[in-house]
Amino acid sequence: NMIAAGEVIERPASVVKELMENSLDAGATQINVYVEDGGRNLIAVADNGCGMEADDLELAFEPHATSKLSTIADLLNISTMGFRGEALASIASVAKVSIVSRCRDKIEANKIEIDCGDKDSIRPCSGDVGTTVEVRNLFYKLPARRKFLRTVNTEITHIVEQFTRMALARTDIGMTLAHNKKELYRLKANESVRERIAKLFNDETAQSLLELQSSERDIKLAAMLGRPDSGRANSKFQYFFLNGRFIRDKFLLHAVKEAYRGLMEPDKYPIVFLFLQMPPQ
Ligand code: ADP
Ligand code: MG
């Protein structure tokens, strides 16, 4: 688990990503993220998703335990964010983790605590429908890893970036992000991509973007595009999503560059938010 954690959990932002993805997979319509000290002391993600039964809550931390695959054939048709069953096991092996979870049809929640792999027994408690995961003191028993955490500012910048990707990919979900008691973002469910861009970046950029939709065979494309005179010095404003997942892809980067060729200085990067949907097969 600790070796897997080395791959899955690079920094606090990776924890935020994995936990938010789990909340999305649980069918949440609201996800609230709270972070202290750039995530080194606390990362808490609360959702109103389907929750877990007591026995599933115990299993969720086992390596390769996932509820997202039932048959081999499912591997060819993946529509969830996770499916490897590694995130919770990894996180719980390098931090102090507590989970409170309650299913929709239950009156009581259950709580389990795991301290760097040491599991406490599960017990009933009060709690809202859904799941709240708290991750404290990331890497505290691994001084070499903890030492590699950067300043609070750098870590929170990475967390904001992960949150931004998720918030752009899933405008149907309400999301908040707060850091050290200060609210950074409050995004309502079912906002338009333009509204999200306005809140996550700035209003002026959002209002200037051109909206485009197109489809060919089974592939649907939606995009918000910067005007040719709004080229940037770097690719920070280029976001690509495939089936709700943020991706980086050289081919797509190249296609966008080609599309703007002749309209923009060759050393400039157009503002692009591009959303592709295609059957998971
Ligand atoms: P994966 O997402 O790849 O299945 P994880 O380690 O991230 O693996 O999670 C393990 C399992 O725990 C999930 O398959 C899911 O059944 C359950 N789980 C994790 N987070 C949540 C959540 N927020 N709400 C409901 N179930 C969850
Ligand atoms: Mg997961």
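No experiment lies behind these values; they were computed from the predicted model shown.

Caption draft 1: Just the nonpolar core, in detail. Of all hydrophobic cores here, the largest spans 62 residues; its most connected members are Val-33, Val-97, Val-135, Phe-163 and Phe-273. Looking at which element gives the most residues to this core, the answer is helix α6 (residues 152–169), with eight residues. Ignoring anything within four residues of it in the chain, the contact list for Val-97 reads Phe-61, Ile-91, Ala-92, Ile-112, Glu-113, Ile-114, Val-133, Glu-134 and Val-135. Within the second largest apolar cluster, 10 residues are counted, among which are Leu-225, Tyr-260, Leu-274 and Leu-276.

Caption draft 2: Examining the site of ligand 1 more closely. Among the 18 residues in the neighbourhood of ligand 1, the closest are listed as Asn-22, Thr-66, Ser-67, Lys-68 and Gly-85. In this structure, Asn-22 approaches ligand 1 through a side-chain N or O atom, which is 2.8 Å from an oxygen atom. Arg-84 places a polar main-chain atom, nitrogen or oxygen, 3.0 Å from an oxygen atom of ligand 1. Here the shell around ligand 1 is composed, by residue class, of seven nonpolar, seven polar and four charged.

Caption draft 3: View of the pattern of salt bridges. Tallied over the full model, the rule gives 16 salt bridges. Of the charged contacts in the structure, one is a salt bridge between Glu-53 and Lys-106, with a shortest N-O distance of 2.7 Å. Highlighted residues: Glu-53 in the loop between β2 (42–47) and α3 (54–59) and Lys-106 in the loop between β3 (96–102) and β4 (109–115), separated in sequence by 53 residues. By relative accessible area, Glu-53 is classed as partly exposed at 30%. Among the ionic pairs, Arg-196 bridges to Glu-191, the shortest N-O distance being 2.8 Å. Residues joined by salt bridges that share partners form a network here, namely Lys-111, Glu-113 and Arg-123.

Caption draft 4: Focus on the pairing of β2. Summarising burial for β2: five of the six residues are buried, a large majority. Pairing geometry for strand β1 (residues 30–36) and β2, over six bridges, is antiparallel. Its bridge partner lying in β2, Val-35 is registered against Ile-43. Counted between consecutive antiparallel strands, the loop separating β1 from β2 contains five residues, among which Asp-37 sits at a positive phi close to 50°.

Caption draft 5: Representation of a nonpolar patch on the surface within the structure. On the surface, Ile-72, Leu-75 and Leu-76 cluster together into a nonpolar patch covering about 350 Å² of accessible area. Mapped onto the secondary structure, Leu-76 falls in the loop between α3 and α4 (87–93).

Caption draft 6: Geometry of the packing of helix α2 (residues 12–25) against α6. Contact pair α2 / α6: the axes reach a minimum separation of 8 Å and the direction vectors enclose 25°. One finds that α2 runs roughly parallel with respect to α6. Crossing hand, α2 versus α6: right-handed. Of the residues in α6, those in contact with Pro-12, Ala-13, Val-16, Lys-17, Met-20, Glu-21 and Leu-24 of α2 are Glu-155, His-158, Ile-159, Gln-162, Phe-163 and Met-166. Classifying every residue of the contact of α2 with α6 gives eight nonpolar, two polar and three charged.

Calculation criteria
- Residues numbered from 1 in each chain as written.
- Chains lettered and ligands numbered in written order.
- Predicted model: local features only at pLDDT ≥ 70, side-chain atom pairs only at ≥ 80, totals over all residues.
- Heavy atoms only, no water.
- Core = buried A, V, L, I, M, F, W, Y, C linked by side-chain atoms within 4.5 Å.
- Buried < 20%, exposed > 50% of the residue type's maximum accessible area, 1.4 Å probe, protein only.
- Helix = DSSP H or I, 4+ residues; strand = E, 2+ residues; numbered from the N terminus.
- Contact = heavy atoms within 4.5 Å.
- Near = heavy atom within 4 Å.
- Polar contact = N/O pair within 3.5 Å; in protein donor to acceptor, adjacent residues only side chain to side chain.
- Nonpolar A, V, L, I, M, F, W, Y, C, P; charged D, E, K, R; others polar.
- Salt bridge = Lys/Arg side-chain N within 4 Å of Asp/Glu carboxyl O.
- Pairing = 2+ DSSP bridges.
- Patch = residues over 30% accessible without salt bridge, like charges linked within 9 Å, V, L, I, M, F, W, Y side chains within 5 Å.
- Areas by Shrake-Rupley, 256 points an atom, 1.4 Å probe, with all protein chains shown as cover.
- Axes fitted to C-alpha atoms, helices over the stretch in contact; angles between N-to-C directions.
- Parallel < 35°, antiparallel > 145°, perpendicular 65-115°, else oblique.
- Left-handed = near helix turned anticlockwise from the far one by under 90°.

Shape descriptors only; they carry no functional weight alone.
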